[in-house]
Amino acid sequence: MNTKDLIEKAKNHTPSILGNSKQLQYSILIPIIEKEDGLHVLFEVRSQKLRRQPGEICFPGGRVDPEDENVQFTAVREAMEELRIARKSITHVYPFDYMVSPFGMVLNTFIGVLACEDTEIDPNPAEVAEVFTVPLSFFLEHKPEVHQVHFEVKPREDFPFDLIPGGEDYDWSTRAFEEYFYLYDGKVIWGLTARVLYHFVQMLKGSESPR
């Protein structure tokens, strides 16, 4: 390789997240539905039949399949499958923020309006135990509870300590991770769902730097 080849490679490279090829891509939809008392946010309760996180509250969404047109297509497809609604019932879909989780996942989020009545939603029981809505005004008026989780670095026994300064006494940095909790009518919304929801609410409030 010479300088010319290197410059050509750099010029034609499209920036992406470092290590993105090893990250699993997921997409979710933040579903907004209009009711008589105003706008509501729709949530799902995951089926107890599911292997991962049964019974937890989430937004419609899932893993991006290789045949999906793009990550937005995934969010819409998953919402259609999980809520068993027609494509025409999902309107005004716009990209929101994306997140790289510390667990090897890229989460793409989208906002969408559900142009349907509650009675038209027929959740797929294999994936969804129930759906419920919360007035958007609740989230605009109530801050979440915030609790911290600390991540520690624990190298494996075969880690080559002799190759790094300080060896086994190397000062590994720990990281505090904020977990958000919204409590509404006996429901607990937390984890990635609450994190996405919090930033969505901050966007609506016009806050550029949450917390």
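Fair warning: this is a prediction, and the values are worked out from it, not measured in the lab.

**Digging into the packing of aromatic side chains**
Counted by the stated rule, this structure contains 13 aromatic pairs. Each ring, one from Phe-139 and one from Tyr-182, has its centre 5.1 Å from the other, and the planes form 90°; the classification is edge-to-face. Here Phe-139, found in helix H3 (residues 136-141), pairs with Tyr-182, found in strand E9 (residues 175-184); they are 43 residues apart in sequence, far enough to count as distant. Under the relative-accessibility criterion, Tyr-182 is labelled buried at 2%. When the ring of Phe-159 is compared with that of Phe-161, the centres are 5.1 Å apart and the planes differ by 65°; the resulting orientation is edge-to-face. A relative accessible area of 28% places Phe-159 in the partly exposed class. Among the aromatic residues, ring-to-ring pairing joins Phe-43, Phe-59, Phe-132, Phe-138, Phe-139, Tyr-182 and Tyr-184 into one connected group.

**What about the nonpolar core?**
Ranked by internal contacts, the top residues of the largest apolar core, which has 28 residues, are Ile-30, Phe-43, Phe-139 and Leu-197. Ignoring any residue separated from it by four or fewer positions in sequence, one finds Ile-30 in contact with Val-41, Phe-59, Phe-96, Phe-110, Ile-111, Gly-112, Val-196 and Phe-200.

**Quick look at the sheet that holds strand E8 (residues 145-151)**
Taking strand neighbours across the sheet as the criterion, the 3 strands line up as E8-E9-E10 in an open arrangement whose pairing is antiparallel. For this open sheet the edge positions go to E8 and strand E10 (187-190), each flanked by a neighbour on one side alone. Within this sheet the neighbouring strands show an average axis-to-axis angle of 30°, counted without direction. With 7 bridges connecting them, E8 and E9 associate as antiparallel partners. Across the sheet, Val-149 pairs through a bridge with Phe-177, a residue of E9. Against the sheet, helix H4 (residues 191-205) contacts E9 and E10, and its axis sits at roughly 85° relative to E9.

What counts as what
- Residues numbered from 1 in each chain as written.
- Predicted model: local features only at pLDDT ≥ 70, side-chain atom pairs only at ≥ 80, totals over all residues.
- Heavy atoms only, no water.
- Phe/Tyr/Trp six-rings, centres within 6.5 Å; stacked < 30°, edge-to-face > 60°.
- Helix = DSSP H or I, 4+ residues; strand = E, 2+ residues; numbered from the N terminus.
- Buried < 20%, exposed > 50% of the residue type's maximum accessible area, 1.4 Å probe, protein only.
- Core = buried A, V, L, I, M, F, W, Y, C linked by side-chain atoms within 4.5 Å.
- Contact = heavy atoms within 4.5 Å.
- Pairing = 2+ DSSP bridges.
- Axes fitted to C-alpha atoms, helices over the stretch in contact; angles between N-to-C directions.

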